[in-house]
Amino acid sequence: MPRPGLDEVLIRVEACGICGSDVHGFDGSTGRRIPPIIMGHEAAGTITAVGTNVTGFHEGARVTFDSTLYCGKCEYCQRGEMNLCENRQILGVSTPDFRRAGAFADYVVVPERVLYHLPESVEFKEAAMVEPLAVAVHAVAVSEIQKGATAMVVGAGMIGLLVLQVLKDAGCHSVIVSDIDDTRLKLAEDLGATVVLNAKTVDVAAEVLKHTNGVGVDVALEAVGSTQTIRTAIDSVRKGGTVTLIGNVSPTAEIPLQAVVSRQLRLQGSAASSGEYPQCIEMLARGAIQVKPLITAVAPLEDGVRWFERLHSREPNLMKIVLAPHLEHA
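Overview of the structure. Keep in mind the model is a prediction, meaning the values are calculated, not measured.

**Here's the deal with helix 5 (residues 158-169)**
The terminal C-alpha atoms of helix 5, which comprises 12 residues, lie 17 Å apart, in line with the 16 Å expected from a rise of 1.5 Å per residue. With 9 of its 12 residues buried, helix 5 lies for the most part within the structure. The complete set of buried residues in helix 5 reads M158, G160, L161, L162, V163, L164, Q165, V166 and L167. Once helix 5 finishes, G171 follows within two positions and takes phi at roughly 95°, a positive value.

And the structure:
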């Protein structure tokens, strides 16, 4: 049983989502899950013990928590850019520089500064989706969306489908979504996409121009991270538009430099989240974001290996798997 430090709390984990990065840790393809490590960073639960210096939370409180364990003291933290913290650690991640046990466990310890209260109306399995939702909210925030804007999401995976909903809530006039999976595109349609395009069967950029009177969208958010999908995003925005890069499955990618420069496009990176958790919890509480359609299954923790294997094999129609160490309470 882990013990909380002076400024920490002990949390009984009620739900923890499997992230794509955890699957990459499972097969060793990432350098950020060096064994031995308890993975898991998309989680929520109930406080069972508090450190002596903790004042804002008590035993029995329902909480979720930021996966970025920022220091709160460096220059970036002081500017409110906790995602860029000089001393940051990530829950459930181990690198040559740090190792931090995560939430695929019965209990986990986290510092008070990353905790957020959960309203009773938000179920634990929904709260386990706050972390990926925060990534989506942050990406839309740095894109500086104007009300009535036209937008595009390249990639209808978990983050892309959340970005779609955040864009709609931000007042976008229309949101086009592209992917190569018809099942995911149908889900995007159900969640409010104005137009869905299968990149396997149509020229996406050409279709986007058709739907925008030959102009292109104001902003494209790329949630895959490959040369081809980045090119699609760049080719789909209007002159002077913005392309926000969220996906990072590839360490490098080529960009059509002359198109970016001659059309004065803005390329914007988006890293994790930076304090958007309260906004995300509020959006879930008022029903602005639907996460239940994105949860494929809630399973006991002991079934985790089987679900990791299914996700790793790229079994079709699997979205978010939530593991619940105490399933009867999840």
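**Quick look at unusual backbone geometry**
Cis peptide bonds are those with omega within 30 degrees of zero, and the linkage from P35 to P36 qualifies with -5°. Looking at the secondary structure, you find P36 in the loop between helix 1 (20-26) and strand 2 (42-50). One non-glycine residue, E144, adopts positive backbone phi at about 55°. Structurally, E144 can be placed in the loop between helix 4 (130-143) and strand 10 (150-154). A relative accessible area of 54% places E144 in the exposed class.

**A word on the environment of L84**
Position of L84 among the secondary structure elements: in the loop between helix 2 (75-78) and strand 5 (89-90). Under the relative-accessibility criterion, L84 is labelled partly exposed at 39%. Placed 99 residues apart in sequence, L84 and T183 show a C-alpha to C-alpha distance of 35 Å.

**Here's the deal with the environment of T227**
For T227, the location among the structural elements is in helix 8 (residues 227-236). For T227, a relative accessible area of 34% translates into the label partly exposed. Sequence spacing of T227 and S250 is 23 residues, and the spatial spacing of their C-alpha atoms is 8.5 Å. Those residues in contact with T227 that sit more than four places away from it in its chain are A253 and E254.

**Let's talk about the pattern of salt bridges**
Tallied over the entire structure, the rule returns 18 salt bridges. The salt bridge involving R33 is made with D22; its shortest N-O contact spans 3.4 Å. Of this pair, R33 sits in the loop between helix 1 and strand 2 while D22 is found in helix 1, placing the two residues 11 residues apart along the sequence. Judged by its relative accessible area of 7%, R33 is buried. Under the relative-accessibility criterion, D22 is labelled buried at 0%.

**Some words on the packing of helix 4 against helix 5**
Interaxial distance between helix 4 and helix 5 falls to 8 Å at its minimum, and their mutual angle equals 55°. One way to sum up the angle between helix 4 and helix 5 is to call them oblique. The way helix 4 lies across helix 5 gives a crossing that is right-handed. Contacts between helix 4 and helix 5 involve P132, L133, V135, A136, V137 and V140 on the former and, on the latter, M158, I159, L162, V163, V166 and L167. Of the residues assigned to the contact of helix 4 with helix 5, the class counts are 12 nonpolar, no polar and no charged.

**What to know about the sheet that holds strand 15 (residues 266-269)**
An order of 12-11-10-13-14-15 is seen for the 6 strands of this open sheet, with the pairing classed as parallel. For this open sheet the edge positions go to strand 12 (195-198) and strand 15, each flanked by a neighbour on one side alone. Strand-to-strand twist in this sheet, taken as the mean axis angle between neighbours without regard to direction, amounts to 20°. Pairing of strand 13 (residues 217-222) with strand 14 (residues 237-245) involves 5 bridges; the strand directions are parallel. Bridge pairing links L221 to T244 in strand 14. Sitting on the sheet, helix 8 touches strand 10, strand 13, strand 14 and strand 15, and the angle it makes with strand 14 is about 150°.

**A word on helix 6 (residues 182-190)**
Buried within helix 6 are the following residues: L185, L187 and A188. Down the axis, helix 6 shows its buried residues gathered within 155° of arc, on one side only. When the buried face of helix 6 is taken as reference, the exposed residues oriented beyond 90 degrees from it are D182 and D190. Summarising the contacts, the buried residues of helix 6 are in contact with helix 5, strand 11 (174-179) and strand 12. Among the residues of helix 6, the N-terminal cap falls to D181, whose side-chain oxygen and the backbone nitrogen of T183 are separated by 2.8 Å. One or two residues past the end of helix 6 sits G192, with phi positive at roughly 115°.

Rules of the game
Residues numbered from 1 in each chain as written. Predicted model: local features only at pLDDT ≥ 70, side-chain atom pairs only at ≥ 80, totals over all residues. Heavy atoms only, no water. Helix = DSSP H or I, 4+ residues; strand = E, 2+ residues; numbered from the N terminus. Expected span 1.5 Å × (residues − 1). Buried < 20%, exposed > 50% of the residue type's maximum accessible area, 1.4 Å probe, protein only. Contact = heavy atoms within 4.5 Å. Salt bridge = Lys/Arg side-chain N within 4 Å of Asp/Glu carboxyl O. Axes fitted to C-alpha atoms, helices over the stretch in contact; angles between N-to-C directions. Parallel < 35°, antiparallel > 145°, perpendicular 65-115°, else oblique. Left-handed = near helix turned anticlockwise from the far one by under 90°. Nonpolar A, V, L, I, M, F, W, Y, C, P; charged D, E, K, R; others polar. Pairing = 2+ DSSP bridges. Arc of directions from axis to C-beta. Polar contact = N/O pair within 3.5 Å; in protein donor to acceptor, adjacent residues only side chain to side chain.

Take it as geometry only, folks, not as evidence of what the structure does.
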